[in-house]
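Descriptive analysis of the structure
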Amino acid sequence: MGFSHVVNSWTVIFPLAVLLYYFFRKRYETRAISSTLFWEQSMRETKASPFLKNLQQNALFYLQMAALLLLLFVLLGPFVKSEQAAGRQIIFVVDTSASMLAGEDGASIFDVNKQEMTQLVEDNKGNAITIITTGKEPDLVLRDETNQEVIQASIGKLSVTYDHENMGKTLEFMKSVVADQSATVHIFTDYLDRSVFSDGTEAIDYYVHASESNLANVSIDKFGAVKTSGGTEAIVKLVNQSEKEVDGIIQILDALKGEKLEEKKFTMKDEGETLISFKDLPSQIALQAQLLVEDQYDADNEAFILLGDEISDAMVDSQLHELIRKAFQAIGMDVTAGSINEMKQRQNTATILVSNETSFLQEGEHPILLIGRNDANAHPVSGVVEDNGDVLFSIAPIHDVYVSSLYPPFEEMDTIASIGNEPFIQRSKRGDIVVLADIEMTDWPLHPSFPLFFWSVTESLRSGSSVGGTFSPSQRKAILSYVDTKGIEVFNLKDEYEASFASGTDFVAPQKPGIYKLIDNKRESLISVQLEQEEKRLGHGTSYKIGMESKGNEKEVGQKSIGWIFLLPILLLLVMEWEVQRRRGYSN
Amino acid sequence: MADLFPDSLANRLGPLKIVSRSRYLGHHKGTHRSTKTGTSLEFSDFREYHPGDDLRHIDWNVYARTDKPFIKQFLDEQEMRIHILLDGTKSMGFEQKWEFARQLAIGIGQIGLKSGDTVTFSSKNEQQEYFFRRKGALQRAALKKFITQIDQPTLPGDFTDYALRHIPKAVTVLFIITDGLEPLEKWERLFKRLPGICRDCRVITVHDPFEEEPQLQGDIRLLDIETQQAVEVTMTTRSKQLYMDRKSEHESKFLSLAKKYGIQTVRAEVAEGTLNTVTKKMRHVGWVR
């Protein structure tokens, strides 16, 4: 509680004056008399107990004091801070992950949350509202907006991004938005553990709006497919998260054309898992698994897979310099060291082989990276490295690399970088990249371009296929674009435009799971967007609030005047005073 | 210190005598004629002689005329026993009440002594009890001195509680000098027993003018001299009137109570003075003559 007119406190002199008056007035003159027999009797009528007597004798004083103090109190303009504190920041943290699409009776949790938000905005008219959506990259939809229409429109536009909520990251982001102010944070999600708030600041009150109903869900937990000599084999792992036994049908479709290839029925126990395999499927680039089952979460009833030459790891010849392995590790690939025999076994897999064994250029189906030659001797060279503007050097120029000696070149290959007239890096028709020097012969590892070159090589070897990779929703991941790129455009399988990016480094995967086409200067490749594993499970929990009424924080609070409440008692006191005066009579 | 009881006052009271109809008189010779026959000069009656009577009392003149011996009888003259009980409680010390009360006591005592009666006086202070018993006119100065020395009434507690113990036996006339400022119930208890001790009880109530009409203004904390009880009173005409109503009610009840037990009362006011009180008021009610 506070006072809006503290200036009026000067009126305290009025009650003080009355107090003083009573000080002077009630100084009894002591007088001894022969007997108080008759006086005593005359007073006995109004004398009950010493305390009451005192009260009675001073009743007028107390009443006057009370009335004056109350008047003073009213003049000071008392107010209580109203519950909807004006000026207090209200922040909506909206979970936009795919699991928010789950819901009963056609209304998803997300829709329910939107309604709640709308209601809250109406209840807190005039308050600044900030809306933050979750995800790998939390988004500030609104910042301190007070306009009701704008807020309502923004809430209406909110949509699910399929991206995992990354709540910890989002809350950190929210805290940076709040800075040192106090705020009321409403978190709209399906489930949030209280431990998230263990280091909560006092200034922030959290209201967690969770989904309280336990929704039934059957999801495609994993979907994998491999090419075989006879076609394609696929395996689907289904998980039943409901508490009932579930029957359903699993279909495998050609993702590009939408044709049904095969379907199987299944029955799953409650909380059970099952593996269903499909053999002898026709060769396809993209497959879709479709789960036909009655549950309350549809987004995880589809899964996509691309059957391409996706590069997942690298195997580096153990004879090569260790820094090559380090370079692959630096770009985030799994890398193993292996002998020549081991590498031969992996020739037809998705592994990049890095070796100085020239025989690999003739063997196997996939291009390799050859560093140095084991069948020739190097000779000293001098000069500056020049490249021909190949895609490999688009992000990492190698002009400043010093090379002391080179191996003889392969005649039939294209030279993409040279020193003087001698080829330094070559590319074969098949796509093999050949570096005609050992790492020991150069100072390349000292340059930033060293790991970037390996990244470019990886992307280049990968782009040889028509498969661009697998992404999670809204994943930001650089892809290698061609030197002559005019921007990358993204279309869905119905050839509808989705997005475009000026270069491969800006690429952000689409939100909705599915298969997408990337078109870069008329070259087409496919990517798949898949739900993250976390989003295939539904959470539910109770709503709760954390952190009440922060103390010691200066707050702009709404003032609710309560002065009028005291007017009635004052009137009552005056009436009582009048009555006391009337009964007691005026002292002479 | 001025003379409490000047001689001029004593002289004025000199001719007075205490009158009592009480038949109970002292055994000693006095100046009051008794209903009994005795040796005074006042003729009472004749009666026939019976053997054994004193021959000296035969009225020979009557015998000469009637030839029968008659005894001439005279009334006896006996003394009265007068007791004066002075209320020595603190309330009697208020303003001039004590002085006035002592003057009254001396006055009554001297009247009694002068007519040859036995006068006893008793009072009680905080420290000691006072008792005086003398007979004869010559003892007047001693009485005056005795009473004058009782400087202040300092007795705590109520007069009515100790009064009975200080009244000697065989009292013809009992004078009680008090201010009557004690609850009526206590007075009643006392009055109930007084007729058993003395047939002729006389209560003189002493009143100070301040008590009659208190000249007080504003807020006064009234302190009872005796009980030290404080009463805070805002002096208004109304509260004063209430006080006076209470007081007169108390007094009238006191009077009717006294009357009920055959006790005579005289209201003595300081303002009227000792002389007036004795010569007019007491004479008027027939206590003295």
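Residues numbered from 1 in each chain as written. Chains lettered and ligands numbered in written order. Predicted model: local features only at pLDDT ≥ 70, side-chain atom pairs only at ≥ 80, totals over all residues. Heavy atoms only, no water.

**Describing the overall build of chain A**
What chain A contains, in helices and strands, is eleven helices and 34 strands. Looking at chain A residue by residue over its 588 residues, the buried ones come to 48%. Taking the contacts inside chain A whose residues are at least 6 apart along the sequence as the reference set, 68% of them involve residues at least 24 apart. With an accessible surface of roughly 29,500 Å², chain A has 52% of that area assigned to carbon and sulfur atoms. (Helix = DSSP H or I, 4+ residues; strand = E, 2+ residues; numbered from the N terminus. Buried < 20%, exposed > 50% of the residue type's maximum accessible area, 1.4 Å probe, protein only. Contact = heavy atoms within 4.5 Å. Areas by Shrake-Rupley, 256 points an atom, 1.4 Å probe, with all protein chains shown as cover.)

**What to know about the overall build of chain B**
The helix and strand tally for chain B stands at nine helices and ten strands. Within chain B, buried positions represent 52% of all 289 residues. Within chain B, residue pairs in contact and separated by at least 24 positions form 75% of the contacts whose partners lie at least 6 positions apart. When the accessible surface of chain B is summed, it comes to about 14,600 Å², and 48% of that surface belongs to carbon and sulfur atoms.

**Concerning helix α4 (residues 59–75) of chain A**
All names here are of chain A. With 17 residues, α4 extends 24 Å between its outermost C-alpha atoms, agreeing within 8% with the 24 Å of an ideal straight helix rising 1.5 Å per residue. By the burial criterion, the buried members of α4 are A59, L60, F61, L63, M65, A67, L70 and L72. One or two residues past the end of α4 sits G77, with phi positive at roughly 70 degrees. (Expected span 1.5 Å × (residues − 1).)

**So, the packing of helix α3 (residues 97–114) of chain B against helix α4 (residues 140–148) of chain B**
Residue and element names in this part refer to chain B. Between α3 and α4, the least distance of the axes is 9 Å, while the angle of their chain directions is 160 degrees. Classified by the interaxial angle, the pair formed by α3 and α4 is roughly antiparallel. α3 and α4 meet at a crossing whose hand is right-handed. The segment α3 lies against α4, with R102, A105, I106, G109, Q110, L113 and K114 engaging R140, L143, K144, I147 and T148. Grouping the amino acids of the contact of α3 with α4 by side-chain chemistry returns five nonpolar, three polar and four charged. (Axes fitted to C-alpha atoms, helices over the stretch in contact; angles between N-to-C directions. Parallel < 35°, antiparallel > 145°, perpendicular 65-115°, else oblique. Left-handed = near helix turned anticlockwise from the far one by under 90°. Nonpolar A, V, L, I, M, F, W, Y, C, P; charged D, E, K, R; others polar.)

**Observations concerning a negative patch on the surface**
There is a patch of like negative charges on the surface, built from A:E243, A:E245, A:D247, A:D270 and A:E271. With respect to the helices and strands, A:E243 occurs in the loop between β12 (231–240) and β13 (246–254). (Patch = residues over 30% accessible without salt bridge, like charges linked within 9 Å, V, L, I, M, F, W, Y side chains within 5 Å. Salt bridge = Lys/Arg side-chain N within 4 Å of Asp/Glu carboxyl O. Lys, Arg positive; Asp, Glu negative; His and termini not counted. Charge placed at Lys NZ, Arg CZ, Asp CG, Glu CD.)

**Some points on the environment of A:L75**
Residue and element names in this part refer to chain A. Here L75 is to be found in helix α4. Its relative accessible area of 39% is what places L75 among the partly exposed residues. Measuring from C-alpha to C-alpha, the distance between L75 and V7 comes to 9.1 Å, with 68 residues separating the pair along the chain. When neighbours within four sequence positions are excluded, L75 is seen to be in contact with H5, N8 and T11.

**Brief notes about the pattern of salt bridges**
Summed over the entire model, instances satisfying the criterion amount to 25 salt bridges over all chains. A salt bridge links A:D495 to A:K517; the shortest N-O distance between them is 2.6 Å. Residue A:D495 is found in the loop between β29 (488–492) and β30 (497–501), and its partner A:K517 is found in strand β31 (residues 514–520); the two are separated by 22 residues along the sequence. On the basis of relative accessible area, A:K517 is assigned to the buried category, the value being 14%. What you see here is one network of salt bridges that share partners, running through B:E212, B:K247, B:E251, B:R267 and B:E269.

**A word on the sheet that holds strand β16 (residues 286–293) of chain A**
All names here are of chain A. Read across the sheet, four strands follow the order β14-β13-β16-β17 without closing on themselves; strand pairing throughout is antiparallel. Of all strands in the sheet, those bounded by a partner on one side alone are β14 (260–268) and β17 (302–306). The mean angle between the axes of side-by-side strands here comes to 20 degrees, regardless of whether they run parallel or antiparallel. (Pairing = 2+ DSSP bridges.)

**Section: the packing of aromatic side chains**
Residue and element names in this part refer to chain A. One pass over the structure, following the stated rule, counts 23 aromatic pairs over all chains. Taken together, a centroid distance of 5.5 Å and an interplanar angle of 85 degrees make the contact between F92 and F188 edge-to-face. A residue pair is termed long-range when its members are at least 10 positions apart, and F92 in strand β4 (residues 89–94) and F188 in strand β9 (residues 183–188) qualify at 96 residues. Classification of F188 by relative accessible area gives buried; the value is 0%. Note on F453 and F454: the rings are 5.8 Å apart at their centroids and 80 degrees apart in plane angle, and the pair reads as edge-to-face. Using a relative accessible area of 1% as the deciding quantity, one classes F454 as buried. Through a chain of ring-to-ring contacts, three or more aromatic side chains come together here, namely F328, F393, F424, W444, F450, F453 and F454. (Phe/Tyr/Trp six-rings, centres within 6.5 Å; stacked < 30°, edge-to-face > 60°.)

**Examining the pairing of strand β8 (residues 219–224) of chain B**
With respect to burial, β8(B) is a largely interior element, five of its six residues being buried. By the bridge criterion, five bridges tie strand β2 (residues 29–33) of chain A to β8(B) in an arrangement that is parallel. For A:E29, the partnering residue across the bridge sits in β8(B) and is B:I220. Joining the antiparallel neighbours β8(B) and strand β9 (residues 230–234) of chain B is a turn of five residues, in which B:Q228 adopts a positive phi near 60 degrees.

**Here's the deal with the side chain of A:D295**
Residues and elements named next belong to chain A. Within the secondary structure layout, D295 lies in the loop between β16 and β17. In terms of polar contacts, D295 uses its side chain to reach the backbone amide nitrogen of V218, at 2.9 Å. Of note is the side chain of D295, whose polar atom sits 3.5 Å from the backbone nitrogen of Y297. The residues touching D295, leaving out its near neighbours within four places in the chain, are A216, N217, V218, D300 and N301. (Polar contact = N/O pair within 3.5 Å; in protein donor to acceptor, adjacent residues only side chain to side chain.)

**Brief notes about the sheet that holds β8(B)**
An order of β2(A)-β8(B)-β9(B) is seen for the three strands of this open sheet, with the pairing classed as mixed. Both outer strands of the open sheet, β2 of chain A together with β9 of chain B, are each paired with one neighbouring strand and no more. With strand direction ignored, the average angle separating the axes of adjacent strands in the sheet is 30 degrees. As judged from the five bridges shared by β8(B) and β9(B), these two strands associate in the antiparallel manner. Opposite B:L222, over in β9(B), you have B:V231 as the bridge partner.

**Some points on the packing of helix α6 (residues 184–197) of chain B against helix α8 (residues 237–260) of chain B**
Each pair of packed helices can be summarised by the angle the axes make with each other and by the distance between the axes. All names here are of chain B. It is the contact of α6 with α8, at a shortest axis distance of 10 Å, that shows an interaxial angle of 15 degrees. Looking at the two axes, α6 sits roughly parallel to α8. Between α6 and α8 the crossing geometry is right-handed. The segment α6 lies against α8, with L184, W187, E188 and F191 engaging H250, K253, F254, L257, A258 and K260. The residue inventory of the contact of α6 with α8, partitioned by class, reads six nonpolar, one polar and three charged.

**Observations regarding α3(B)**
Residue and element names in this part refer to chain B. Its 18 residues place the ends of α3 25 Å apart at the C-alpha level, agreeing with the 26 Å of an ideal helix rising 1.5 Å per residue. The buried count for α3 comes to 16 of 18 residues, which makes it a mostly enclosed element. Immediately downstream of α3, the backbone of G116 shows phi near 75 degrees, a positive value.

**Re a nonpolar patch on the surface**
Residue and element names in this part refer to chain A. Residues V7, W10, V12, I13, F14 and L16 make up a contiguous nonpolar surface patch of about 610 Å² in total accessible area. Examined against the element boundaries, L16 turns out to sit in helix α1 (residues 13–25). What makes L16 partly exposed here is its relative accessible area of 43%.

**Digging into the side chain of B:D117**
Position of B:D117 relative to the elements: it lies in the loop between α3 and β4 (118–124). Engagement of the side chain of B:D117 in a polar contact is seen with the side chain of B:S115, the distance being 3.2 Å.

**Some words on unusual backbone geometry**
All names here are of chain A. Backbone geometry places Y162, a non-glycine residue, at a positive phi of 70 degrees. Using a relative accessible area of 13% as the deciding quantity, one classes Y162 as buried. Not every positive phi belongs to a glycine, and D495 is a case in point at roughly 60 degrees.

**Some thoughts on the nonpolar core**
All names here are of chain A. In terms of nonpolar packing, the biggest core is built from 50 residues, with I324, F328, F424, I425 and F453 touching the most fellow members. When residues in this core are grouped by element, the largest group, five residues, is from helix α10 (residues 449–463). Contact partners of F424, with chain neighbours within four places excluded, come to V385, I398, V403, L406, A417, S418, I419, V434, V435, L436, A437 and W444. (Core = buried A, V, L, I, M, F, W, Y, C linked by side-chain atoms within 4.5 Å.)

**Overview of the environment of A:Q89**
Residue and element names in this part refer to chain A. Within the secondary structure, Q89 sits in strand β4. Distance in space between the C-alpha atoms of Q89 and V178 is 8.0 Å, their sequence separation being 89 residues. Setting aside residues up to four positions removed in sequence, Q89 forms contacts with A128, T130, D144, V178, Q181, S182, A183 and T184.

Any functional reading would require information that these geometric values do not contain.
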